[in-house]
Amino acid sequence: MDPRAGDGDAFLAKVEAVVLPILEAHELRLVDLQWRREGRRWVLRFFVDKLGGAGIADCQRLSYEAGDVLDVSGLFPESYDLEVSTPGLDRELRTDREFAWAVGKDVRCWVREPVDGRLEFSGRLEAAAPERLTVAAPDGQIAEVPRALLTKARLDPAFRRK
């Protein structure tokens, strides 16, 4: 068992602190950071974005620079795989960080109990607080969706075209 796996949040906070100057230098925003065992290897995944969208060159640059800094950080006593990518067009949203990043984007979310008679909400994510999401439908109606009732939320890039 890897000692970093026991307190994953603290370990990821250290990794983020090491890489933060590189993210800022390239105007990248960290959307998600994952550390998990896959088969025999440990994998560290960065999901990043930036104003106007991150591209392949941004991911490659971060991979090289972050890899070098992390290799000398002393955080990793053994080898691991480093992956850097963008969040994806229909990314599922789970964490506070992901919801904060998604503000202003189109989303679709589902709840386990009806809220205002509905189980599904689609529209622009106007606000994301720990207790609720504010979703604005194209017709101007605003829905307050309790986070405690969420079963799933994801980006909905095709929403405005429907």
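Here the structure is a predicted model, which means the values were calculated and not measured.

### Description of the nonpolar core
- V15, L44, F46, L62, L70 and F76 are the most contacted members of the largest nonpolar core, which has 23 residues in total.
- Of all the elements in the fold, those that place two or more residues in this core are α2 (8-25), β1 (29-38), β2 (41-49) and α3 (56-71).
- Looking at this core element by element, the count peaks at 6 residues for α2.
- Aside from chain neighbours lying at most four places away, what touches L44 is L12, V15, L33, Q34, W35, L70, F76, Y80, D81, L82 and E83.
- In this structure, A102, V111, A143 and A153 belong to the second largest nonpolar core, which totals 20 residues.

### What to know about the layout of surface pockets
- By volume, the largest pocket is sized at about 250 Å³.
- Taken together, 15 residues form the lining of the largest pocket, with G88, L89, W101, K105 and L155 sitting closest to its centre.
- For the lining of the largest pocket, the class distribution of residues is 6 nonpolar, 4 polar and 5 charged.
- Taken as a whole, the second largest pocket holds about 210 Å³ of empty space.
- Forming the walls of the second largest pocket are D9, L12, A13, E16, V31, D32, L33, Q34, R36, R94, T95 and R97.
- At the level of secondary structure, the elements contributing two or more residues to the lining of the second largest pocket comprise α2 and β1.

Criteria and thresholds
- Residues numbered from 1 in each chain as written.
- Predicted model: local features only at pLDDT ≥ 70, side-chain atom pairs only at ≥ 80, totals over all residues.
- Heavy atoms only, no water.
- Core = buried A, V, L, I, M, F, W, Y, C linked by side-chain atoms within 4.5 Å.
- Buried < 20%, exposed > 50% of the residue type's maximum accessible area, 1.4 Å probe, protein only.
- Helix = DSSP H or I, 4+ residues; strand = E, 2+ residues; numbered from the N terminus.
- Contact = heavy atoms within 4.5 Å.
- 1 Å grid on protein atoms, 1.4 Å probe; cavity = no way out; pocket = protein on both sides within 12 Å on 5 of 7 lines; lining within 4 Å.
- Points joined across faces, edges and corners; volume = space filled by probe spheres on them.
- Nonpolar A, V, L, I, M, F, W, Y, C, P; charged D, E, K, R; others polar.

The values are spatial; any link to function lies outside them.
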